[in-house]
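Structure assessment
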Amino acid sequence: QQQVKQSPQSLIVQKGGISIINCAYENTAFDYFPWYQQFPGKGPALLIAIRPDVSEKKEGRFTISFNKSAKQFSLHIMDSQPGDSATYFCAARGRDNFNKFYFGSGTKLNVKP
Amino acid sequence: KAGVTQTPRYLIKTRGQQVTLSCSPISGHRSVSWYQQTPGQGLQFLFEYFSETQRNKGNFPGRFSGRQFSNSRSEMNVSTLELGDSALYLCASSPRLEYREQYFGPGTRLTVT
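Residues numbered from 1 in each chain as written. Chains lettered and ligands numbered in written order. Predicted model: local features only at pLDDT ≥ 70, side-chain atom pairs only at ≥ 80, totals over all residues. Heavy atoms only, no water.

Thoughts on the interface of chain A and chain B
Each partner contributes to the interface: chain A provides 18 residues, whereas chain B provides 25 residues. Between chain A and chain B, roughly 1900 Å² of surface is buried when both sides are summed, and carbon and sulfur atoms account for 51% of that area. Our count for the chain A to chain B interface comes out at 0 salt bridges. Seen at the junction of chain A and chain B, the total is 4 residue pairs in polar contact (both at pLDDT 80 or more). (Contact = heavy atoms within 4.5 Å. Buried area = accessible area lost by both parts, 1.4 Å probe. Salt bridge = Lys/Arg side-chain N within 4 Å of Asp/Glu carboxyl O. Polar contact = N/O pair within 3.5 Å; in protein donor to acceptor, adjacent residues only side chain to side chain.)

Next up, the structure:
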């Protein structure tokens, strides 16, 4: 059973457009929700993260929107650039679960110039 | 500060063999986690070590094992390799348990033939 469901699987966006990736979870014990960016041949790198007591977090062009009641969270990439082309993973971690993270299946983003 | 290093980067093994992968965390980091990444299953948590003790374990068979040394370096071992073990094995380190940010290495690409 997949703990974190991510969509879409792939996404094509024009340069300057907004990229939106969605994730949903069921486990209400999750208390930390990071997004990772992975380029080919590299390990995932933390992009931005949010805790459930906050509904939105913005860092530069990247914003996480969090809906606790719906158990959903999403990543918005504003003014998408070709350099943003990568695979994005959402993840979640439960309380008292140390560093055991559950990852979404990933979204391959392609930003067209 | 040097990042997480993993050796070897690429490995080809035959079904039935065993393999040992190595991970050196960022200097000063004491927690090391291992993940398996495959196109079909995405990123799946294998186990986490802190102070030479396994603190958390994912849902993998006993053929997958690991250990951590006093200098925080970690190894994972897979015995009796199966074709389905072909994957990218990622190591991530954190300064301590329950520290939310994980830093991933580039991974070891294991191919089982």
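Moving on, there is more to tell.
Quick notes on the pairing of strand β5 (residues 42-50) of chain B
All names here are of chain B. Counting buried residues along β5, 8 of its 9 residues qualify, which places the element largely inside the surrounding structure. By the bridge criterion, 8 bridges tie strand β4 (residues 31-38) to β5 in an arrangement that is antiparallel. Each residue of the ladder has a partner; that of S33, found in β5, is E48. Remark: 3 residues form the turn of the hairpin made by β4 and β5, two consecutive strands paired antiparallel. (Buried < 20%, exposed > 50% of the residue type's maximum accessible area, 1.4 Å probe, protein only. Helix = DSSP H or I, 4+ residues; strand = E, 2+ residues; numbered from the N terminus. Pairing = 2+ DSSP bridges.)

So, the nonpolar core
One finds V4, F33, W35, F73, L75, Y88 and L109 of chain A to be the most contacted residues of the largest nonpolar core, which totals 24 residues. Among the elements that make up this core, the one with the highest residue count is strand β9 (residues 86-94) of chain A (4 residues). L11, L21, A87 and L110 of chain B belong to the second largest nonpolar core, which has 21 residues in total. (Core = buried A, V, L, I, M, F, W, Y, C linked by side-chain atoms within 4.5 Å.)

Some points on the sheet that holds strand β6 (residues 56-59) of chain A
Residues and elements named next belong to chain A. Spatially, 5 strands are ordered β1-β3-β8-β7-β6 in an open sheet, and the strand pairing comes out antiparallel. In this open sheet, the two edge strands, each paired with only one partner strand, are β1 (4-7) and β6. Ignoring strand direction, the axes of neighbouring strands in this sheet form an average angle of 15°. Where strand β3 (residues 19-25) and strand β8 (residues 72-77) come together, 6 bridges link them in antiparallel fashion. Directly across from I21, in β8, lies its bridge partner L75. (Axes fitted to C-alpha atoms, helices over the stretch in contact; angles between N-to-C directions.)

A few points about the packing of aromatic side chains
The full count for this structure, using the stated rule, is 20 aromatic pairs over all chains. Relative to F103 of chain A, the ring of Y36 of chain A has its centre 5.5 Å away and its plane inclined at 45°; by these criteria the two rings are tilted. With a gap of 67 residues between them, Y36 of chain A in strand β4 (residues 30-38) and F103 of chain A in strand β10 (residues 101-103) connect regions that are remote in the sequence. Judged by centre distance (6.2 Å) and plane angle (75°), the ring pair of F103 of chain A and F104 of chain B falls under edge-to-face. Taken together, the positions of F103 of chain A in strand β10 and F104 of chain B in strand β10 (residues 103-104) put the pair across two chains. Since its relative accessible area comes to 12%, F104 of chain B is described here as buried. Members of the aromatic cluster, connected to one another through ring pairs, are Y25, F30, F33, W35, F66, F73 and Y102 of chain A. (Phe/Tyr/Trp six-rings, centres within 6.5 Å; stacked < 30°, edge-to-face > 60°.)

Some thoughts on the side chain of S93 of chain B
Residue and element names in this part refer to chain B. Counting through the fold element by element, S93 comes out in strand β9 (residues 87-94). Only 2.8 Å separates the side chain of S93 from the side chain of H29, close enough to count as a polar contact. Those residues in contact with S93 that lie beyond four places of it in its chain are V4, P25, I26, H29, S31, V32, E101, Q102 and Y103.

Read these as layout, nothing more, since geometry by itself doesn't imply function.
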